[in-house]
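Notes for the structure review
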Amino acid sequence: MPTPAAAKGLVRAVAVSPPTAPPVVRWAWRSARPRAKGFPWAAPTWPGGVARRAEKSTTGMEYDTAWARSYGVQLARAVVLDSVTRPVVRALADPTLEGIDRLDGLAGPVVFAANHASHADTPLLLTCLPSRFRHKLVVAAGADYFFDRRWKGHLSAFAINAIPIERVKISRRSAELPASLLADGWSLLIYPEGGRTADGWSQEHRGGAAYLATKIGVPVVPIYVEGTRRVLKKGVSIPMPASTTITFGRPIRASDGEDARRFAARIEHEVDVLADEHANGFWEARRHAAKGTTPSLRGPEHAAGWRRAWELGEGRRPAHRGPAWPPR
Amino acid sequence: MPRPGFVLDVDRSTPPTLFWHGEGFGLERLPVGSRVIYAPEPQEALDDPDEAVRHALDNPDGDSQPLRTQLFPGMRLTIAFDDISLPLPPMKRPDNRQRVIEAVLDLAARAGVDDVVLICALALHRRMTGPELRQAVGDRVYDAFAPTGRLTQHDAEDPDNLAYIGQTEQGEDVEINKRAAESDLIVYVNINLVAMDGGWKSTATGLASYRSLKHHHNVRTMLASRSFMDQHRSELHSSNWRMGKVLSDAGVKVFQIETTLNTDTFPSNFAFLQKREWEWTLKDRATFLAVSRSLDRVPARQARKIFHSIRSPHAMTGVHAGEVEAVHRLTTERVYSQQLVPVEGQTDVLTMGLPYICPYNVNSVMNPVLVMCLGLGYFFNLYRNKPLVREGGVLIMSHPTPWEFHPVHHPSYIDFFEEVLADTTDPIEIEKNYEERYATDEWYRHLYRTSYAYHGVHPFYMWYWGAHALAHLGSVIIVGGDTRAVRRLGFKPASTFRDALEMAEDVVGREPSITHLHNPPLFISDVS
Amino acid sequence: MKALVVERKPMRFAAARLAGGWEPGAGARVGPLRLAEVAEPALPGKAWHRVTPLLSGICGSDLATVDGRSSRYFEPIVSFPFVPGHEVVGRLDDGSRVVVQPALHCATRGIDPPCEWCARGVTNRCELVAFGHLEPGLQTGYCSQTGGGWGHALVAHESQIHPAPDDLDDCAAVMVEPAACAVHAARQITAAHVAVIGSGTLGLLTVAAIRHLVDPDRVLIATAKHAGQRRWARALGADVVVAPAELARAVRRATNSRVAGQQLTGGVGAVVDCVGSAQSIQQALSVVGPGGQVHLLGMPARVDVDLTGLWHREISLRGCYAYDRADFEAAFDLVRQVGLGRLVSASYPIDRYTEALDHAAHAGARGAVKIVFDLRSRTTRKARA
């Protein structure tokens, strides 16, 4: 056992002074030392006189996720989902499922449209969806966020089977891939708000989910997720345990003559109803819906931002039932 | 859209530059301020080459009728085609010759022509082997014509099968293959790889005898061709054109079909060869390292075998048919559009890497005489207007230049190297003192006619090919060559590129301007 | 007196053969040759004279002996222990300089009447070199009784002695004996095209002899391995000098011949093989024309050669040993005329014999031609480069 001083000396010998170090150390130094090797071992430098050519992008919308849908990767993802994601989700969020029976008899492909408050939404839903959907599901993820770096793209595509979409506007290109996947029998999880809520109130639904569902002719399942904002809200990086609830709605289809914009509004309304049902119970929610007084998840329109935040705390059922863990 | 060629000014952030070195390559750092000329990128291939060929046959250029109207039952039809020296490296099947010959034969069959003979227009080159012919004309043509002896190879030394046509106004004898001369129509199928090929040179050289060839394959003509890649300033071409006139005046009818290729020269596993170094991807770098490392380890013979098995992905970019001169004008334009790179001003020192192949060593050994011919004959002459290197400048070439000859293909080269070059390297002296003896040597004649040997006089032509460069240059340095062989060539051997530059300074002075010819692929410098 | 002596020691011959096979000339260190103090040879009879060698050459056959490569053929016609050295210029007791013609023929052996050949004056073909009152020995330098050039004294019969003219210095005079061999060969040649294989001393002398003594118009092609040899061959009169591997092509060009396999269809009228190896003999047979002659001037040993071509093309393979008196006289003229003394490249005292023999064995590669022992002083002298 070398004394600390001797060990320190050895370290210094290896790190600093090879010529005076013992031969063995010198040899180790020589073989381990990184050698300065230029081109072609290293990437070439670019001559000053030559204009750079725009490189073909492989990130954002151009990221190719096909590999993540191959059988082997799917299998690996299922293993990770069941053995890693699920226990973590259970420990942090402990979701209560409401209305899951509404999906009975439904077969894919389906567009799942949920409100979006947190990064926790996706793992939560992935672990709670019936397995016939779970393993044949892609998640629409913002190309600008989830695919802006190649490594992030790899990670998103692998972990949640994400596909890049443009969140701001729906372009033909953005819709091409999810449409073709839906047509291929894949279900799609999409957050029609286009991003996580910043203040707790929802944002207006964009037309993507409705457009895809009408185009391919698949049903949309509205989903209301409650409580994930307490687990991991936007801007927070450490998740806190909190209870969550997922409320599934009845699958809806666009009626004849209903365009994507109107259908999108209907989906938004259905999610509002589910939120109402979660807060006030099924009967109350039905009555509100019939009277047209379902509270909107978008919250009241107040000029001052603080009153919106205030009402978020006031108008809702005190949902904070405390963390699921540690048990009281 | 392929990018045009361009001239790079080397600065401190320019990565090392690729140099061919025979059956291998290396990276050399060029001094700051040097220029590197990069070839234009390969042009788009024709979508449907076969359809393009058919279209060309029906819509000939110049004063010519569509081929189908020139074919009639009972006629004698001769189809002549370029030999193994084109293209380089040999192209993937189907070869342009196969496509064109099949289209011509289709028409001939429809017209009821029975007497068809194919002639490989090899002039004084070696005969092609069966597999080589098969590669060029394709299986269908080969199997239909070879067994009955109707797929023939031109023999410039067969007195019974040569026809003397006449003399040009300058007293040049015109003598070509008898079967071709006596045919009702010669269809010549050409591949135009460089601007030198094609035109009247196809018939007047490819099908000619030694007696006829020596009028333009000599030192005087070569010194008067500036360069022979530019037919308007090439005495070689003027002579061939004069001979062409004699041929057409004598009633020899030629239907010329010329095809052009893009410069997509190497298959994808050698893609880095044709790329600009700073655009090399990780894959390019990895393949470069893997290939060059493994080439260092395999014996030269094995490396040669690997390289000569490469089949080029060259693709047809154009085809023209009809009257010789009109067709050749269009062809030349197309070749120029692929290969021309404008370059400003000459240079003191021109550097180049020489590859493993030249027109005369397909499936063979690149011997020292061919090294000279490729460097000083071909690459030096790939210019328009004026040479890339100034008069009295230095040419630095990189090639292993082994003292090695293919005993079957190049027998007279061995004697040329051992006897003639040991005596003198001056083309005029060589022509005066030695050419005739080699040209009339019965043994060489026998090997040329019955074996697979280049004609006895062929090494002389190789040396004449470089005559213009020899007269123009102040010094020639070969990097990494066999010292004795390089000296025998009359050049200076250098062990490293850096040494070569130092040696060059002795000739052209301090801080010379340096220009590097980056190949592959081939290109022509338009020097202003 | 001090002399280099070869003794009959089979183990040492075997060792020399091994060492010499590994590195030519290395047999000198382990072989049968050693520097010894021996008694001066006694005069065997009245017609004999004592000769004090001045310069004594190292010949290819001497190297073969030293390296244990010589054939057992010689066993009955040499007598041990002998002092080698048969290229000798020396001084008689009366002070006059002489060149020794070394063959020990009938006259020297006191055989009377002489054998048929000696009677005709062709003493190099003497039948009785192992008989008579002298111990066996084909030449001075292989006989235990006469001494040899590599020692400080030898005895020579008066028929062996040629006075050295004053205009020939020692270097020129020591070249007379080998030049006589070349003259002897050159006089046999009548062909218009001649190839000489090998540009060692014998090869170069043969080139000189053919060019200067016989018909100057014939085409002379020589092979030379080393650059120095090439220069000498050209200087001494070869028309074409080529590397050994290039000979067949050079001959083909010169004779306008064709090739069938490895064999020229035509070829030169005569080849002088100055090497004597299996390879050189085979090469000679492949470049000599039908009915031509191959002269073996280099001493061969046991060789493995395909003689089918010799049979089919009626080629004569002809040995070429030594000379007669007339050849020897002519050699004086040749040496004088061409200045062959220049070929002596270096001299060594005999006590540095290992160096000398090593130099001689690598003469061509080291740019030298003839290496000699200098016996003019009994003290050690520095080698002349």
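Everything discussed here concerns the structure shown above.
What counts, and where the lines are drawn
- Residues numbered from 1 in each chain as written.
- Chains lettered and ligands numbered in written order.
- Predicted model: local features only at pLDDT ≥ 70, side-chain atom pairs only at ≥ 80, totals over all residues.
- Helix = DSSP H or I, 4+ residues; strand = E, 2+ residues; numbered from the N terminus.
- Buried ≥ 20, exposed ≤ 12 C-beta atoms within 10 Å, placed from the backbone.
- Contact = placed C-beta atoms within 7 Å.
- Nonpolar A, V, L, I, M, F, W, Y, C, P; charged D, E, K, R; others polar.
- Pairing = 2+ DSSP bridges.
- Axes fitted to C-alpha atoms, helices over the stretch in contact; angles between N-to-C directions.
- Parallel < 35°, antiparallel > 145°, perpendicular 65-115°, else oblique.
- Left-handed = near helix turned anticlockwise from the far one by under 90°.
- Core = buried A, V, L, I, M, F, W, Y, C linked by C-beta atoms within 7 Å.
- Expected span 1.5 Å × (residues − 1).

Looking at the overall build of chain A
Helices and strands together make up the secondary structure of chain A, namely 13 helices and 7 strands. Looking at the 328 residues of chain A, the share that counts as buried comes to 34%. A separation threshold of at least 6 residues defines the contact pool for chain A, and within that pool the share at least 24 residues apart is 72%.

Thoughts on the interface of chain A and chain B
With 9 residues of chain A at the interface, the matching set in chain B holds 14 residues. Class assignment of the residues belonging to the side of chain A that touches chain B gives a composition of 6 nonpolar, 3 polar and no charged.

A look at the sheet that holds strand β15 (residues 383–384) of chain B
All names here are of chain B. The strand order β13-β20-β15 describes an open sheet built from 3 strands, whose pairing is parallel. Looking at which strands have only one partner, the edges of the open sheet turn out to be β13 (340–343) and β15. Sheet analysis places β13 next to strand β20 (residues 524–527), joined by 4 bridges and oriented parallel. Considered in β20, the bridge of valine 341 is made with serine 525.

Brief notes about the interface of chain C and chain B
On the side of chain B, 7 residues touch chain C, which itself brings 7 residues to the contact. With 3 residues, helix α9 (residues 247–255) of chain C is the single largest residue contributor to the side of chain C that touches chain B. Among the residues forming the side of chain C that touches chain B, the class breakdown is 2 nonpolar, no polar and 5 charged.

Remarks on the packing of helix α1 (residues 49–58) of chain B against helix α3 (residues 96–111) of chain B
Residue and element names in this part refer to chain B. Where α1 contacts α3, the two axes come as close as 10 Å, and the packing angle between them is 50 degrees. Our classification of the angle between α1 and α3 gives oblique. With respect to the hand of their crossing, α1 and α3 are arranged in right-handed fashion. From α1, Pro49, Asp50, Val53, Arg54 and Leu57 reach across to α3, where they touch Arg99, Val100, Ala103, Val104 and Leu107. Residues of the contact of α1 with α3, tallied by class, amount to 7 nonpolar, no polar and 3 charged.

As for the environment of histidine 237 of chain B
Residue and element names in this part refer to chain B. Within the secondary structure layout, histidine 237 lies in helix α9 (residues 235–249). For the pair histidine 237 and glutamate 41, spaced 196 residues apart in sequence, the C-alpha separation works out to 28 Å. In this structure, histidine 237 is in contact with Gly199, Lys201, Phe228 and Gln231, ignoring residues within four places of it in sequence.

Some words on the pairing of strand β4 (residues 88–92) of chain C
Residues and elements named next belong to chain C. Where strand β3 (residues 48–57) lies against β4, 5 bridges are found, and the strand directions are antiparallel. Each residue of the ladder has a partner; that of leucine 55, found in β4, is valine 89. Bridging between β4 and strand β5 (residues 97–100) involves 3 bridges; their strand directions are antiparallel. Looking at the pairing, arginine 91 lines up with arginine 97 of β5.

A word on unusual backbone geometry
What is expected of a backbone is that most residues other than glycine have negative phi and most peptide bonds are trans. The omega angle of the peptide bond from phenylalanine 39 of chain A to proline 40 of chain A is 5 degrees, so this bond is cis rather than trans. Take proline 40 of chain A: it is sitting in the loop between α2 (23–32) and α3 (71–92). The step from leucine 88 of chain B to proline 89 of chain B runs through a cis peptide bond, and the omega angle for that step is -20 degrees. With respect to the secondary-structure elements, proline 89 of chain B resides in the loop between β5 (76–82) and α3. With a phi close to 55 degrees, alanine 322 of chain C is a non-glycine residue in the positive phi region. Along the chain, alanine 322 of chain C turns up in the loop between β15 (316–319) and α12 (325–338). Overall, the presence of 21 C-beta atoms within 10 Å leaves alanine 322 of chain C in the buried class.

Things to note about the sheet that holds strand β12 (residues 316–322) of chain B
Residues and elements named next belong to chain B. Within the open sheet, the 6 strands sit side by side as β7-β6-β5-β10-β11-β12. Their pairing is mixed. Two strands close off the open sheet at either side, each with one partner strand: β7 (151–153) and β12. Here the strands of the sheet are splayed against their neighbours by 20 degrees on average, with no regard to which way each runs. Across 5 bridges, the pairing between β5 and strand β10 (residues 185–192) is parallel. What sits directly across from alanine 80, in β10, is tyrosine 188. Where α1 meets the sheet, its contacts fall on β11 (254–261) and β12, and the angle it forms with β12 comes to roughly 20 degrees.

Some words on the pairing of strand β4 (residues 35–38) of chain B
The side chains of a regular strand alternate, first on one face of the sheet and then on the other. Residues and elements named next belong to chain B. As paired strands, strand β1 (residues 6–9) and β4 are joined by 4 bridges and run antiparallel to one another. Following the sheet pairing, valine 7 is matched in β4 by isoleucine 37. Inspection of the sheet shows β4 paired to strand β19 (residues 514–517) by 3 bridges, in the parallel sense. Opposite isoleucine 37, over in β19, you have leucine 517 as the bridge partner.

A few points about the nonpolar core
Ile79, Ala80, Val104, Val187, Cys373 and Ile477 of chain B are the most contacted members of the largest nonpolar core, which has 166 residues in total. Top element by residues in this core is helix α13 (residues 368–379) of chain B. It accounts for 9 residues. The contacts of valine 187 of chain B, once residues within four sequence positions are left out, are Leu77, Ile79, Val104, Phe255 and Ile257 of chain B. Counting residues in each nonpolar core, the second largest holds 128 residues, with Val51, Leu54, Ala224 and Val344 of chain C among its members.

Notes on helix α11 (residues 260–280) of chain A
Compared with the 30 Å implied by 1.5 Å per residue over 21 residues, the 30 Å span of α11 of chain A between its first and last C-alpha is a close match. Two residues or fewer past α11 of chain A, glycine 281 of chain A is found with a positive phi of approximately 95 degrees.

Here we look at the arrangement of the chains
No other pair of the 2 pairs of chains in contact has as many contacts as chains A and B. One finds no contact between chain A and chain C; the C-alpha atoms of the two approach each other to within 39 Å at their closest.

Digging into the environment of tyrosine 211 of chain A
Residue and element names in this part refer to chain A. By the element assignment, tyrosine 211 lies in helix α9 (residues 208–216). The class of tyrosine 211 is buried, set by 21 C-beta atoms lying within 10 Å. Spatially, the C-alpha atoms of tyrosine 211 and alanine 175 are 8.6 Å apart, while their sequence positions differ by 36 residues.

Some remarks on the packing of helix α6 (residues 176–186) of chain C against helix α7 (residues 201–213) of chain C
Residue and element names in this part refer to chain C. Axis separation between α6 and α7 bottoms out at 8 Å; the angle between their running directions is 55 degrees. The orientation of α6 relative to α7 falls into the category oblique. Remark: the crossing between α6 and α7 carries right-handed chirality. Mapping the contact onto sequence places Pro178, Ala179, Cys181, Ala182, Val183, Ala185 and Ala186 in α6 and Thr201, Leu202, Leu205, Thr206, Ala208, Ala209, Ile210 and Leu213 in α7. Of the residues that constitute the contact of α6 with α7, the class distribution is 13 nonpolar, 2 polar and no charged.

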